[in-house]
Amino acid sequence: MTETVLLVGGGGREHAVARALDESDADLYACAGNRNPGIARIAEGFESLDTTNPTAVTSYAREVDATLAVVGPEAPLAAGVADALDDADVYAFGPREAEARIETDKAFQRRFMREHDIPGCPDFETFEDMDAAAEYIDEYDGDLAVKPAGLTGGKGVRVTGDQITKEEAKEYVRESDYERIVLEERLVGEEFTVQALVANGEVRVTPAVQDHKRAYEGDEGPNTGGMGSYSDATLELPFMDEDDYMDAVDVLEATVDALEGYKGVLYGQFMLTSEGIKVVEFNARFGDPEAMNTLPVLNTDFLDVLTAARDGESLPQLSFAPKATVCKYAVPDGYPTDPEAGAKVTIDEDSAAAAADGSDGEALLFYASVDEREDGIYTTTSRSFAVVGVADSITEAEEIAEDALAVAGEEGLRIRHDIGKPDLVQQRIDHVTELRGE
């Protein structure tokens, strides 16, 4: 039987999911608030709708006779779209609203970790009274991460001793309109992500990825949704060892054991510190950009994971090509604080792929937030597209990504060219060596 899969979401992450499913025996349909031209070219049908409206999503699922669904972004999960699809007998690979709180409610996340003794939980307190939060900032002996409890698209966190002073942190919480704030110890180290495919109590892990949140080269500027990321040809990253990776896997497995009935992707963002692995946060879906590092090197048929999850069977063991990846986002000038829309995008999948000609690697293009008009594709105010180089080493993958970006040009766009370059990767290695006192 051919499966009909509904993909919910229209960003770069979802384009990566669509590409993975395009290589399987599935009829793909998609729905999103924005029309992603890369997904639209793969899918049998593409419906523009509000993906946080469970009724609208389930109506479209019924219309196309979907047998499975993959929910990409966090906002539909928070809105209960997976619940509605499940209740309509369309198995959704994504957690129900209650389980998605592991991402959507950071206060719940930390209390859950403490209650279930999940390893790697930092010191924290939660506040609804912002004056009390400001007082805690004043009295705390050390630096703090200030986190809104709800969803902020990766842009709401402020860190004292790094981005802001304690006085600025107090002003931030007092002047914000957040209902709840989490204050937790500032973690110092190197961040990395491990994403796991989860269903039926089983956990299947993917290679570690390092994202780059800061807007500008050298890790300067405000946080963004992610400017790019890289992975190595092994499960670990160059600054990690196998024990570090397995410690992260242990955290994910302990979390799934405590989250009864969890299904979908569980994304663990970790900090490798002088004291070992700490949890920065959990997400309840693939990362964006991390999905674009992980899915292109997945040898296992992603559809087989989905059908096994739905049918209550053991999930297949995951196999990955021994390749490194480097992903770099092109974003509109001024992003994220004052983005300028309307620049024409001059790259497509074919011209990106041609950039890898003559090498042993591959170049892939993933559209994110763009505006497709009769005369071409234009930028919006969000991240525009990502280019991913795939090769035997991080250095080779980075060079392929750069060659593809050269095809695109940079008029009206900005790119963090330093992602994946040897000197930045070496800085990460040296940082961990220093932290470990080696």
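Placed above this text is the structure.
The rules behind the values
For every chain, the first residue of the written sequence is number 1, and numbering continues from 1 onward in sequence order. In keeping with the model being predicted, local features are shown solely for residues with a pLDDT of at least 70 and side-chain atom pairs are shown and tallied solely at 80 or more, while totals for entire chains, interfaces and linings include all residues. Neither water nor hydrogens contribute to the side-chain values; these are computed over all heavy atoms in the structure. In this description a helix means any DSSP run of H or I spanning at least four residues, a strand means any run of E spanning at least two, and both kinds are numbered starting from the N terminus. What qualifies as a polar contact is a pair of N or O atoms within 3.5 Å, subject to a donor-acceptor requirement within protein and to the restriction that residues adjacent in sequence count only when both atoms come from side chains. Residues are treated as being in contact if the distance between any of their heavy atoms lies within 4.5 Å. Cavity: a set of points on a 1 Å grid over the protein atoms alone where a 1.4 Å probe fits but cannot get out. Pocket: an open set with protein on both sides within 12 Å along at least five of seven lines, its lining residues, like those of a cavity, having an atom within 4 Å of a point. Grid points are joined across faces, edges and corners, and a volume is the space filled by probe spheres set on the points. Each pair of strands is called paired provided DSSP finds at least two bridges between the two strands. Axis geometry follows a simple rule: fit a line to the C-alpha atoms, using only the stretch in contact for helices, then measure angles between N-to-C directions, giving values from 0 to 180 degrees. Burial status follows relative accessibility: with a 1.4 Å probe on protein chains alone, a residue under 20% of its type maximum counts as buried, one over 50% as exposed, and anything between as partly exposed. To count toward a patch, a residue needs a relative accessible area above 30% and no salt bridge. Like charges then connect within 9 Å, nonpolar side chains (Val, Leu, Ile, Met, Phe, Trp, Tyr) within 5 Å. With residues, only the protein chains shown are counted as cover, and all accessible areas are computed by Shrake-Rupley using a 1.4 Å probe. A carboxyl oxygen of Asp or Glu within 4 Å of a side-chain nitrogen of Lys or Arg is what we treat as a salt bridge. Positive charges come from Lys and Arg, negative ones from Asp and Glu, while His and the chain ends are left out of the count. In this description, the location of a charge corresponds to atom NZ of lysine, CZ of arginine, CG of aspartate or CD of glutamate. Classification convention: Asp, Glu, Lys, Arg as charged; Ala, Val, Leu, Ile, Met, Phe, Trp, Tyr, Cys, Pro as nonpolar; all other residues, Gly among them, as polar. An expected span of 1.5 Å times one less than the residue number is assigned to each helix. The reported arc concerns the directions from the helix axis to the C-beta atoms and nothing else.

### Description of the side chain of H212
For H212, the location among the structural elements is in the loop between β12 (210-211) and β13 (214-216). For H212, the side chain forms a polar contact with the side chain of R428, separated by 3.5 Å. Non-local contacts of H212, meaning those with residues more than four positions away in its chain, are made with D219, T224, G226, M227, G228, S229, Y230, R416, I419, L424 and R428.

### What to know about the layout of surface pockets
Approximately 200 Å³ is the volume attributed to the second largest pocket. Breaking the lining of the second largest pocket down by element, the ones donating at least two residues are α1 (12-22), α2 (37-42), α13 (349-354) and β20 (362-367). It is β20 that provides the largest number of residues to the lining of the second largest pocket, a total of 4 residues.

### Points about the side chain of R383
Position of R383 among the secondary structure elements: in the loop between β22 (376-379) and β23 (385-391). At 2.9 Å, the side chain of R383 forms a polar contact with the backbone oxygen of G226. Those residues in contact with R383 that lie beyond four places of it in its chain are G225, G226, D288, P289, Y329, A330, V331, P332, Y335, A368 and S369.

### Some remarks on the sheet that holds strand β10 (residues 190-199)
What links the strands of a sheet is backbone hydrogen bonding, and the strands pair in either a parallel or an antiparallel sense. Spatially, 4 strands are ordered β11-β10-β16-β17 in an open sheet, and the strand pairing comes out antiparallel. Only two strands of the sheet have a single partner each, and these edge strands are β11 (202-205) and β17 (276-283). Each neighbouring strand pair of the sheet contributes to a mean axis angle of 35°, computed without reference to strand direction. Its contacts with the sheet place helix α10 (residues 242-258) against β10, β11, β16 (264-273) and β17, and it is angled at close to 135° to β16.

### Looking at the pairing of strand β15 (residues 228-231)
On β15, burial covers both faces: G228 and Y230 on one face and S229 and S231 on the other are all buried. In terms of strand pairing, β15 meets strand β18 (residues 324-332) through 4 bridges, oriented antiparallel. Opposite Y230, over in β18, you have V326 as the bridge partner.

### A short note on a negative patch on the surface
Taken together, the side chains of E242, D243, D247, D250, E253 and D257 present a region of like negative charge at the surface. Here D250 lies in helix α10. When its relative accessible area of 39% is taken as the criterion, D250 is described as partly exposed.

### Topic: empty space enclosed by the protein
For the structure on display, the rule yields 1 cavity of 30 Å³ or more. For the largest cavity, the calculated volume is near 80 Å³. Together, 16 residues line the largest cavity, and V70, V71, G72, V265 and F286 are the ones closest to its centre. Residue assignment for the lining of the largest cavity shows that the elements contributing at least two residues are α1, β4 (68-71) and β16. In terms of residues, the lining of the largest cavity owes the most to one element, α1, which gives 3 residues. Class assignment for the residues of the lining of the largest cavity results in 10 nonpolar, 3 polar and 3 charged.

### Here's the deal with the pairing of strand β14 (residues 220-223)
Pairing geometry for β13 and β14, over 2 bridges, is antiparallel. By the bridge assignment, Y216 is partnered in β14 with E220. Joining the antiparallel neighbours β13 and β14 is a turn of 3 residues, in which G218 adopts a positive phi near 75°.

### Points about helix α15 (residues 422-435)
Taking 1.5 Å of rise per residue, the 14 residues of α15 would be expected to cover 20 Å, and the 20 Å separating its terminal C-alpha atoms lies within 8% of that figure. Every buried residue belonging to α15 is among L424, V425, R428 and V432, and all of these are buried. Axial view of α15: buried residues confined to an arc of 105°, hence all on one face. Downstream of α15 by one or two residues, G437 has phi in the positive range, about 70°.

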